[in-house]
Amino acid sequence: MRISAVVSGVLAVLLLVLVAVGWPPLLSFDRDVADALHRSAVAEPGVTRLNRILSDWVWDPATWRALATVTVVVLWWRRERLLALWVAATVLSAWGVQQGLKALTGRERPHWPDPVDSAPYASFPSGHAMTAAVACGLLLWVLALHWRQGWRGWGTLAGVAVVSVVGVGWTRVYLGVHWPSDVLGGWLLGWCCVAVSIVTYRRLSARTTSADRKDTGGRMGETS
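Residues numbered from 1 in each chain as written. Predicted model: local features only at pLDDT ≥ 70, side-chain atom pairs only at ≥ 80, totals over all residues. Heavy atoms only, no water.

### Side note on the packing of helix α4 (residues 61-77) against helix α6 (residues 127-147)
Next up, step 1: At a closest axis distance of 9 Å, the pairing of α4 and α6 adopts a crossing angle of 25°. In terms of their interaxial angle, α4 and α6 are classed as roughly parallel. In the crossing of α4 with α6, the sense of the turn from one axis to the other is left-handed. Contacts from Pro61, Trp64, Arg65, Leu67, Thr71 and Leu75 in α4 reach Gly127, His128, Thr131, Ala132, Ala135, Cys136, Leu139, Val142 and His146 in α6. (Axes fitted to C-alpha atoms, helices over the stretch in contact; angles between N-to-C directions. Helix = DSSP H or I, 4+ residues; strand = E, 2+ residues; numbered from the N terminus. Parallel < 35°, antiparallel > 145°, perpendicular 65-115°, else oblique. Left-handed = near helix turned anticlockwise from the far one by under 90°. Contact = heavy atoms within 4.5 Å.)

So, in structure tokens, the structure goes:
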């Protein structure tokens, strides 16, 4: 997990730099893919409508935040207070990173003479893609901590999470409100936030467990 955090972080920073300096090959790739998908979106209104439903309702950031909130509430109710606060802090921190980078880059969204959808704020990174990656990563992690062993539905749920993260990225580019590199940046940053959160939580838990054992051992020694 530590290697995953480092790799995703390095790639995210590299992509950020390329976007900031306007690296021509990246911009050309973004434009070619966006143009091709926008032509399809204009020509296929039924498919476009489906993508809007998925993007604006099923996979909307508000939906993911609601799921994260339910997770926090359930963990708090189960008296797993540290994990509940950790999940909440990760979601809020990821949102702060997302908004900070949008303000920092100020990248313009694609402009079309015949748009099929619209979105506010700057383009990089994709908020939909990043929020989906963070929420799905955290939910799978929490489920793995409690029910992965012997739970037959784990593979199905993991598959749904992957399809959701990839799917929401696709809809944002298809609808012409993001460049492909915006989505890739959202995925990388989202996973980096999750990986860093997991690594940090594991270290904190290990230290807490070690301290509790020492404290218990000391008390037993005093009693004897």
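### A look at the pattern of salt bridges
Next up, step 1: Applying the stated criterion across every chain, the model contains seven salt bridges.
Next up, step 2: Of the charged contacts, one joins arginine 107 and aspartate 182 as a salt bridge, the two residues approaching to 2.7 Å between their closest N and O atoms. Pair noted here: arginine 107 is in the loop between α5 (81-105) and α6 and aspartate 182 is in helix α8 (residues 180-223), with a separation of 75 residues, a long-range link.
Next up, step 3: Judged by its relative accessible area of 11%, arginine 107 is buried.
Next up, step 4: Note on aspartate 182: relative accessible area 0%, which makes it buried.
Next up, step 5: Connected through salt bridges with shared partners, the residues Arg52, Asp56, Asp117 and Arg172 form a single ionic network. (Salt bridge = Lys/Arg side-chain N within 4 Å of Asp/Glu carboxyl O. Buried < 20%, exposed > 50% of the residue type's maximum accessible area, 1.4 Å probe, protein only.)

### Brief notes about empty space enclosed by the protein
Next up, step 1: The tally for this structure, following the rule as stated, stands at one cavity of 30 Å³ or more.
Next up, step 2: Empty space within the largest cavity amounts to approximately 90 Å³.
Next up, step 3: For the largest cavity, the full set of lining residues is Trp64, Arg65, Ala68, Val91, Ala94, Trp95, Gln98, Met130, Thr131, Val134 and Ala135.
Next up, step 4: For the lining of the largest cavity, the elements supplying multiple residues, two or more each, are α4, α5 and α6. (1 Å grid on protein atoms, 1.4 Å probe; cavity = no way out; pocket = protein on both sides within 12 Å on 5 of 7 lines; lining within 4 Å. Points joined across faces, edges and corners; volume = space filled by probe spheres on them.)

### A word on the confidence of the model for the chain
Next up, step 1: Of the residues in the chain, 91% have a pLDDT of 70 or more, and the chain-wide mean is 91.
Next up, step 2: Here α8 stands out as the least confident element of the chain, with mean pLDDT 80; helix α2 (residues 24-43) is the most confident, with 97. (pLDDT = per-residue confidence, 0-100.)

### Some points on unusual backbone geometry
Next up, step 1: Omega for the bond connecting phenylalanine 124 with proline 125 falls within 30 degrees of zero, at -5°, which places this linkage in the cis form.
Next up, step 2: Along the chain, proline 125 falls in the loop between α5 and α6.
Next up, step 3: Positive phi, close to 65°, is recorded for arginine 79, a residue that is not glycine.
Next up, step 4: Structurally, arginine 79 can be placed in the loop between α4 and α5.
Next up, step 5: A residue is classified by how much of its surface remains accessible, and arginine 79, at 68% relative accessible area, is exposed.
Next up, step 6: In the Ramachandran plot, tyrosine 121 falls in the positive-phi region, its phi being about 70° despite a non-glycine side chain.
Next up, step 7: Within the element layout of this structure, tyrosine 121 appears in the loop between α5 and α6.

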